[in-house]
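Survey of secondary and tertiary structure
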Amino acid sequence: MVQAKFVIKETHQQFLRHYKKYGFKDKSAVIRAALDRLQNELEEEKLKLSADLYAELYEKDAQLRELTESALAEWPK
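Some thoughts on the overall build of the protein chain
- Across its full length, the protein chain holds 3 helices and 0 strands.
- In sequence order, the protein chain lays out its α and β elements as α-α-α.
- A globule of 77 residues ought to have a C-alpha radius of gyration of about 11 Å, yet the protein chain, at 23 Å, is considerably larger.
- Expressed as lengths along the three principal axes of its C-alpha atoms, the size of the protein chain is roughly 60 × 30 × 25 Å.
- Evaluated residue by residue, the protein chain yields a buried proportion of 5% over its 77 residues.
- Accessible area for the protein chain stands at about 7,700 Å²; split by element, carbon and sulfur atoms hold 57% of it.
- Taking the average place of the 14 positive charges on the side chains of the protein chain and the average place of its 14 negative ones, the gap between the two points comes to 16 Å.

Examining helix α2 (residues 27-60)
- The end-to-end C-alpha distance of α2, which contains 34 residues, comes to 50 Å, matching closely the 50 Å that a straight helix rising 1.5 Å per residue would cover.
- Residue Asp26 occupies the N-cap position of α2, its side-chain oxygen lying 3.2 Å from the main-chain nitrogen of Ser28.

So, the pattern of salt bridges
- Counting across every chain of the model gives 4 salt bridges.
- Note that Arg17 is salt-bridged to Glu10, the shortest N-O span being 3.6 Å.
- A relative accessible area of 45% places Arg17 in the partly exposed class.
- With relative accessibility at 44%, the residue Glu10 sits in the partly exposed group.
- Glu56 is the partner of Lys60 in a salt bridge, and the nearest nitrogen-oxygen pair spans 3.2 Å. Of this pair, Lys60 and Glu56 both sit in helix α2, 4 residues apart, which is roughly one turn of that helix.
- With a relative accessible area of 42%, Glu56 lands in the partly exposed category.

Things to note about a nonpolar patch on the surface
- Together, Leu35, Leu38 and Leu42 give the surface a local cluster of nonpolar side chains, amounting to about 290 Å² of exposed area.
- Inspection of the secondary structure puts Leu38 in helix α2.

A few points about the confidence of the model for the protein chain
- Averaged over every residue, the pLDDT of the protein chain is 95; residues scoring 70 or more account for 100%.
- Of all helices and strands in the protein chain, the one with the weakest mean pLDDT is helix α3 (residues 62-73) (90), whereas helix α1 (residues 10-16) scores best (98).

Here's the deal with the environment of Gly23
- Along the chain, the position of Gly23 falls in the loop between α1 and α2.
- Judged by its relative accessible area of 65%, Gly23 falls in the exposed class.

Let's talk about α3
- Relative to the 16 Å expected for 12 residues at 1.5 Å per residue, α3 spans 16 Å between its end C-alpha atoms, a close match to the ideal helical length.
- Put simply, Asp61 is the residue that caps the front of α3, since its side-chain oxygen is 3.1 Å from the backbone nitrogen of Gln63.

Criteria and cut-off values
Residues numbered from 1 in each chain as written. Predicted model: local features only at pLDDT ≥ 70, side-chain atom pairs only at ≥ 80, totals over all residues. Heavy atoms only, no water. Helix = DSSP H or I, 4+ residues; strand = E, 2+ residues; numbered from the N terminus. Rg over C-alpha atoms; globule rule 2.2 N^0.38 Å. Buried < 20%, exposed > 50% of the residue type's maximum accessible area, 1.4 Å probe, protein only. Areas by Shrake-Rupley, 256 points an atom, 1.4 Å probe, with all protein chains shown as cover. Lys, Arg positive; Asp, Glu negative; His and termini not counted. Charge placed at Lys NZ, Arg CZ, Asp CG, Glu CD. Expected span 1.5 Å × (residues − 1). Polar contact = N/O pair within 3.5 Å; in protein donor to acceptor, adjacent residues only side chain to side chain. Salt bridge = Lys/Arg side-chain N within 4 Å of Asp/Glu carboxyl O. Patch = residues over 30% accessible without salt bridge, like charges linked within 9 Å, V, L, I, M, F, W, Y side chains within 5 Å. pLDDT = per-residue confidence, 0-100.

In structure tokens:
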């Protein structure tokens, strides 16, 4: 693993002092878990935005809907 130096608020530092209370091995484990969670949330948000754009495109494009419906009709059940 690599080390990084960063500045946090006093309230964050107070929270990190209680890492054992939350079941973490050390303060670094808390930071890694928080970053993993944030990364997952951002990726999920990006996927939702993409899905919304595709849904909007699908709604506006009759030819695309027809193509999709014809493909679904031929899909094995």
